[in-house]
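Residue strings, one per chain:
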Amino acid sequence: YVRQNNQGRSEARNHGARLARGRWFGFLDSDDAYVPGAFAKLELAAKASPDVGMFVGSRVLVDSSGQIIERLSVDVKTDFSWQGWLHHCYGVPSCTFIRRDWFDRAGGFNKEYETAEDWELYLRLAWLACPMKAWPQPICQYRIHDGNSTRFIEDHLSAAAKTLEHQFECATPHPDVVRLRSSALASLYSTMAVQAIGVRNSGIAPVLLTQAMQYDAAFLYRNRIGLLEDILYSRQRAGETEDIQHL
């Protein structure tokens, strides 16, 4: 176990990567756990797909007592392009494995980000055309508790919006790329609305959905069925029963 002065989670992971000697990196958060056999399966998957630079695995959500809440699977047909990552964060550090050469090429985690730092790295890897592959089998148990950083909606939204804006500041100003900004921000704000409902902060959800509409109403309309399903499911998980016509 290596200790260092607290410099944030991104630098802690980067320091661990500098000390590591293996070809693959996994970044397990302290409140999560790898499922038995995860490393053996990684070895087999890496041999079967030698060109892959990052595996994005499925995860099992558990509560603070370890009881299973839900299984979140990654579709083998997932679009891991830069455009795909702009509209979805498909993974978290505990359920991804990144090959050392690709991690180094991307420059590791950005120390300027304490939240959404994982998404920011995955976007950079996707921009560099890192070959990614879905791992349908669970890699980790992801623990849901009151201290999860994703529960702090305003902080998470601020960091995620900063991540997106930085992507478009760096991206080539091609019209197709510029048009992606509006739909990406609409996707982000609608996702945050669903997340707010899931953590019993539904009062902010209408505000977030209104902002999403202002960014790209057509995008939300095209994805309205999936969005409604996500809202209803989040309400069910949160145990909310009040009327939702205002949404």
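This one's a predicted model, so the numbers in the text were calculated from it and none came from an experiment.

**A look at the overall build of the protein chain**
Regarding its fold elements, the protein chain presents nine helices and six strands. A burial count over the protein chain gives 47% of its 247 residues as buried. A separation threshold of at least 6 residues defines the contact pool for the protein chain, and within that pool the share at least 24 residues apart is 72%.

**Re the packing of helix α5 (residues 117-127) against helix α6 (residues 153-170)**
Axis separation between α5 and α6 bottoms out at 9 Å; the angle between their running directions is 20°. Taken together, α5 and α6 sit at an angle that is classed as roughly parallel. Crossing angle aside, the handedness with which α5 passes α6 is right-handed. Two secondary-structure elements touch here, α5 through Trp119, Glu120, Leu123 and Arg124 and α6 through Ala160, Thr163, Leu164, His166 and Gln167. Looking at the contact of α5 with α6, its residues break down into four nonpolar, three polar and two charged.

**Topic: the pattern of salt bridges**
Tallied over the full model, the rule gives nine salt bridges. The residue Arg99 makes a salt bridge to Asp101 at a minimum N-O spacing of 2.8 Å. For Glu120, the salt bridge identified is with Arg124, shortest N-O distance 2.8 Å. Residue Glu120 and its partner Arg124 are both found in helix α5; the two are separated by four residues, about one turn of the helix. Taking relative accessible area as the criterion, Glu120 reaches 1% and is therefore assigned buried. Connected through shared salt-bridge partners, Arg9, Arg13, Asp29, Glu114 and Glu117 make up one network.

**Side note on the pairing of strand β4 (residues 68-72)**
Looking at chain direction, strand β3 (residues 54-62) and β4 are connected through four bridges and run antiparallel. Bridge pairing in β4 places Leu61 opposite Glu70. The turn linking β3 back onto β4 is made up of five residues, and Gly66 within it adopts a positive phi angle of 95°.

**Some details on the nonpolar core**
Within the largest apolar cluster, 50 residues are counted, with the highest numbers of intra-cluster contacts made by Met54, Trp85, Leu125 and Leu188. Those elements that place two or more of their residues in this core are β3, α3 (82-87), α4 (100-106), α5, β6 (132-143), α6, α7 (175-198) and α8 (205-222). The dominant element in this core, judged by the number of residues it contributes, is α7, at 11 residues. Ignoring anything within four residues of it in the chain, the contact list for Leu188 reads Trp119, Leu157, Ala160, Ala161 and Leu164.

Rules used in this analysis
Residues numbered from 1 in each chain as written. Predicted model: local features only at pLDDT ≥ 70, side-chain atom pairs only at ≥ 80, totals over all residues. Heavy atoms only, no water. Helix = DSSP H or I, 4+ residues; strand = E, 2+ residues; numbered from the N terminus. Buried < 20%, exposed > 50% of the residue type's maximum accessible area, 1.4 Å probe, protein only. Contact = heavy atoms within 4.5 Å. Axes fitted to C-alpha atoms, helices over the stretch in contact; angles between N-to-C directions. Parallel < 35°, antiparallel > 145°, perpendicular 65-115°, else oblique. Left-handed = near helix turned anticlockwise from the far one by under 90°. Nonpolar A, V, L, I, M, F, W, Y, C, P; charged D, E, K, R; others polar. Salt bridge = Lys/Arg side-chain N within 4 Å of Asp/Glu carboxyl O. Pairing = 2+ DSSP bridges. Core = buried A, V, L, I, M, F, W, Y, C linked by side-chain atoms within 4.5 Å.

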